Amino acid sequence: MLLAALYCLLWTFQTSAGHFPRACASSKNLMEKECCPPWEGDGSPCGQLSGRGSCQDVILSKAPLGPQFPFAGVDDRESWPSVFYNRTCQCFGNFMGFNCGNCKFGFWGPTCTERRLLVRRNIFDLSVPEKNKFLAYLTLAKHTTSADYVIPTGTYGQMNNGSTPLFNDINVYDLFVWMHYYVSRDALLGGSEIWRDIDFAHEAPGFLPWHRLFLLLWEKEIQKLTGDENFTIPYWDWRDAENCDICTDEYMGGRNPANPNLLSPASFFSSWQVRCAGHTISEHKRTVAITSSGRSS
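Rules used in this analysis
One numbering rule holds for all chains: residues counted from 1, following each sequence as written. Under the rules for a predicted model, residues below a pLDDT of 70 receive no local features and side-chain atom pairs below 80 are neither given nor counted, while totals for whole chains, interfaces and linings still include all residues. Remark: hydrogens and water are excluded; side-chain values derive from all non-hydrogen atoms of the structure. Centre distance within 6.5 Å is the pairing criterion for rings of Phe, Tyr and Trp, where only the six-membered ring of Trp is used; planes under 30 degrees apart are then read as stacked, over 60 as edge-to-face, and the remainder as tilted. Helical segments are the DSSP runs of H or I of at least four residues, strand segments are the runs of E of at least two, and each set is numbered from the N terminus. Three labels apply to residues, based on accessible area from a 1.4 Å probe with only protein chains included: buried if under 20% of the type maximum, exposed if over 50%, partly exposed otherwise in between. A ring is scored as having a charge over it whenever the NZ atom of a lysine or the CZ atom of an arginine sits within 6 Å of its centre and within 35 degrees of its normal. The rule for pairing is simple: two strands pair if DSSP sees at least two bridges between them. Every angle, taken between N-to-C directions, lies between 0 and 180 degrees, and every axis is a line fitted to C-alpha atoms, over only the stretch in contact when it is a helix. Roughly parallel covers angles under 35 degrees, roughly antiparallel covers those over 145, roughly perpendicular covers 65 to 115, and oblique covers all other angles. A contact between two residues is defined here by any heavy atoms of the two lying within 4.5 Å. For this scheme, ten residues count as nonpolar: Ala, Val, Leu, Ile, Met, Phe, Trp, Tyr, Cys and Pro. Four count as charged, namely Asp, Glu, Lys and Arg, and the remainder, Gly too, count as polar. A pair of sulfur atoms, both from cysteines and within 2.5 Å, is called a disulfide here. UniProt positions are given in the numbering used here, feature names are shortened, and annotations may be inferred rather than shown by experiment.

Okay, the packing of aromatic side chains next. Counting across every chain of the model gives 24 aromatic pairs. A centroid spacing of 6.3 Å and a plane angle of 85° characterise the contact between Phe69 and Trp195, whose relative ring orientation is edge-to-face. Remark: Trp195 occurs in strand β13 (residues 193-195) and Phe69 occurs in the loop between β3 (53-57) and β4 (87-91); sequence separation between them is 126 residues. The class of Phe69 is buried, set by a relative accessible area of 2%. Here a set of aromatic residues connected by ring pairs shows up, and it is made of Phe134, Tyr137, Tyr173, Trp218, Phe231, Phe268, Phe269 and Trp272. Here the guanidinium or amino end of Lys131 rests over the ring plane of Tyr251, the centre of that ring lying 5.4 Å away.

Written out as structure tokens, the structure reads:
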């Protein structure tokens with residue numbers, strides 16, 4: 001049940017391209033359980049007037065459920081996104097997104113008909129200006145509030161079944177930190193009970209495709225934020241590495257000599273803050289913003 005549901009969290013981008021669209025975070029949307037925002041290009045829900053998509057009932061998978069999670073109806077992520085919405089935008093052709101306003105990966109242009117191949121590069125092959133541009137893009141994402149998405153600060157039950165929305169703004173970079181946490185966190189069983197026996201984001205068959213799609217969306221959001229349609233996430237080829245070659249202050253940060261659990265104070269990322277349980281705390285884990293393969297569709 002959660003096995004299929006959690007990988008649908010980002011797999012079905014036409015249903016929920018990211019997390020919770022800001023346009024669908026009102027009590028009206030939650031109580032009506034409908035997320036079909038207008039596309040700004042023509043003002044119609046899901047860009048229907050332009051043939052981009054239409055508002056339809058969510059069709060849930062009928063695949064048999066495994067024994068990994070012997071519960072039902074106890075976690076908001078089950079049968080995603082039906083706890084929150086049962087009608088969403090279903091996009092046509094090469095369109096995608098919560099309002100069908102984006103192009104599918106690999107397609108560009110006003111009608112999403114242009115094909116373009118972008119190639120990811122080894123991070124060690126970047127020139128100093130290229131590396132600095134990459135870090136500047138990360139900084140911009142870290143300090144720019146997402147215009148399209150918000151994150152929940154409570155469960156659907158805590159939102160009184162939608163009548164009391166509980167959402168917060170989040171910056172573009174931390175949105176993806178949150179999404180990764182949301183899909184891999186312990187299952188909530190009600191009250192103070194939780195289920196820790198499996199991490200569905202990392203201990204199941206969807207590990208590789210889920211993260212591939214996750215990175216594609218992160219890459220697209222950086223392109224949109226910066227206006228740089230040629231941006232790709234650099235990769236680190238770790239196949240023959242004996243140590244963490246990128247764990248230096250020149251790249252993703254070395255270890256703090258006083259506390260190996262913290263980043264070096266000379267690291268570019270040492271002053272970054274993270275969102276944790278509604279509070280802002282110092283960064284305790286190394287920032288990882290590179291992929292492990294070279295080609296982008």
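Moving on, we get to the sheet that holds strand β2 (residues 34-35). Strand order in this open sheet of 3 strands is β2-β4-β3, and the pairing throughout is mixed. A strand with exactly one partner marks an edge of an open sheet, and here the two such strands are β2 and β3. Note: β2 against β4, 2 bridges, orientation parallel. Looking across to β4, one finds that Glu34 is bridged to Arg87.

Across the sheet, which stays open at both edges, the 3 strands sit in the order β1-β10-β11 with antiparallel pairing between neighbours. The strands lining the two open edges of the sheet, one partner per strand, are β1 (20-21) and β11 (167-168). Bridging between β1 and strand β10 (residues 149-152) involves 2 bridges; their strand directions are antiparallel. Bridging from a neighbouring strand, Phe20 pairs with Val150 of β10.

On to the packing of helix α3 (residues 128-142) against helix α4 (residues 172-184), then. Put simply, α3 and α4 touch, their axes get as near as 5 Å, and they point 80° apart. With respect to their mutual orientation, α3 and α4 come out roughly perpendicular. Packed against α3, whose contacting residues are Leu138, Ala141 and Lys142, the element α4 presents Val172, Tyr173 and Asp174 at the interface. Across the contact of α3 with α4, the residue classes break down as 4 nonpolar, no polar and 2 charged.

In this section: the state of the cysteines. Structurally, a disulfide amounts to a covalent bond that connects the sulfur atoms of two cysteines. Overall, the coordinates contain 6 disulfides when judged by the stated rule. Each sulfur in the disulfide pair Cys24 and Cys35 lies 2.1 Å from the other. In this structure the cystine formed by Cys24 and Cys35 twists about its S-S bond by roughly 80°; its chirality is therefore right-handed. On the criterion of sequence distance, the pair formed by Cys24 in the loop between β1 and α2 (27-32) and Cys35 in strand β2 is long-range, its members being 11 residues apart.

The next point concerns the UniProt feature "domain: Tyrosinase copper-binding" (unreviewed entry) in the protein. The sites that carry the UniProt feature "domain: Tyrosinase copper-binding" (unreviewed entry) are, in the present numbering, residues 202-219. When the span residues 202-219 is considered, its composition is 72% helix and 0% strand, and the gap between its end C-alpha atoms is 21 Å.

Strand residues, when the strand is regular, have side chains that alternate between the two faces of the sheet. By the bridge criterion, 3 bridges tie strand β12 (residues 187-190) to β13 in an arrangement that is antiparallel. Pairing of Ala187 across the sheet is with Trp195, part of β13. In sequence, β12 turns back onto β13 through a hairpin of 2 residues, with Gly191 there showing a positive phi of about 65°.

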